[in-house]
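Tertiary structure, described
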Amino acid sequence: ALLIINCLVDLTFAYDMLLQFGTMYHRKIEGGFRWEHRLKKISVHYLTSWFPIDFISIIPFDLIALVSGFDFMQQAKAV
């Protein structure tokens, strides 16, 4: 049951990542700020800021362990 919930949470975060490629952000200009609306600029900004952290956070380690047969808990108990 927890594996299914974890997978659903991962899917929610993956969907959020897709949304971030179209979410405007504040860009500093002379005299203030402007909303950046150009998709290419938004994508580059996201790829060079939060994308690596977001991507690592959605790696389904539990699912990988289940499929590969590697038991993280047994390994943790050994340490």
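Source: prediction; values computed, not measured. For every chain, the first residue of the written sequence is number 1, and numbering continues from 1 along that sequence. With pLDDT at 70 or above as the cut-off, local features in this predicted model cover only qualifying residues; side-chain atom pairs require 80 or more to be listed or tallied, and sums for whole chains, interfaces and linings still use all residues. Working from all heavy atoms in the structure, the side-chain values ignore hydrogens and water.

The next point concerns the packing of aromatic side chains. Where two aromatic rings form a pair, the distance of their centres and the angle of their planes describe that pair. Aromatic rings from Phe, Tyr and Trp, taking only the six-membered ring of Trp, are treated as a pair when their centres fall within 6.5 Å; an angle between ring planes under 30 degrees marks them as stacked, one over 60 as edge-to-face, and anything in between as tilted. Across all of its chains, the model carries four aromatic pairs by this definition. On the basis of an interplanar angle of 80° and a centroid distance of 5.7 Å, the ring pair of Y46 and F51 is categorised as edge-to-face. Owing to a relative accessible area of 22%, F51 belongs among the partly exposed residues under this scheme. To sort residues, take the accessible area from a 1.4 Å probe on protein chains only and compare it with the maximum for the residue type: under 20% means buried, over 50% means exposed, and anything in between is partly exposed.

A few words on the environment of W35. Residue placement: W35 occurs in strand β2 (residues 32-36). Once the C-alpha coordinates of W35 and Y25 are considered, the two residues, 10 residues apart in sequence, prove to be 5.5 Å apart. Starting at the N terminus, helices and strands are each numbered in turn, a helix being any DSSP run of H or I of at least four residues and a strand any DSSP run of E of at least two.

What follows is about the environment of L3. Secondary-structure assignment places L3 in helix α1 (residues 2-20). Taking the C-alpha atoms as reference, L3 lies 7.4 Å from L63; in sequence the two are 60 residues apart. Should any heavy atoms of two residues lie within 4.5 Å, those residues are counted as being in contact. The residues contacting L3, other than those within four sequence positions of it, are D62, L63 and L66.

As far as function goes, none of this settles anything; it's purely spatial.
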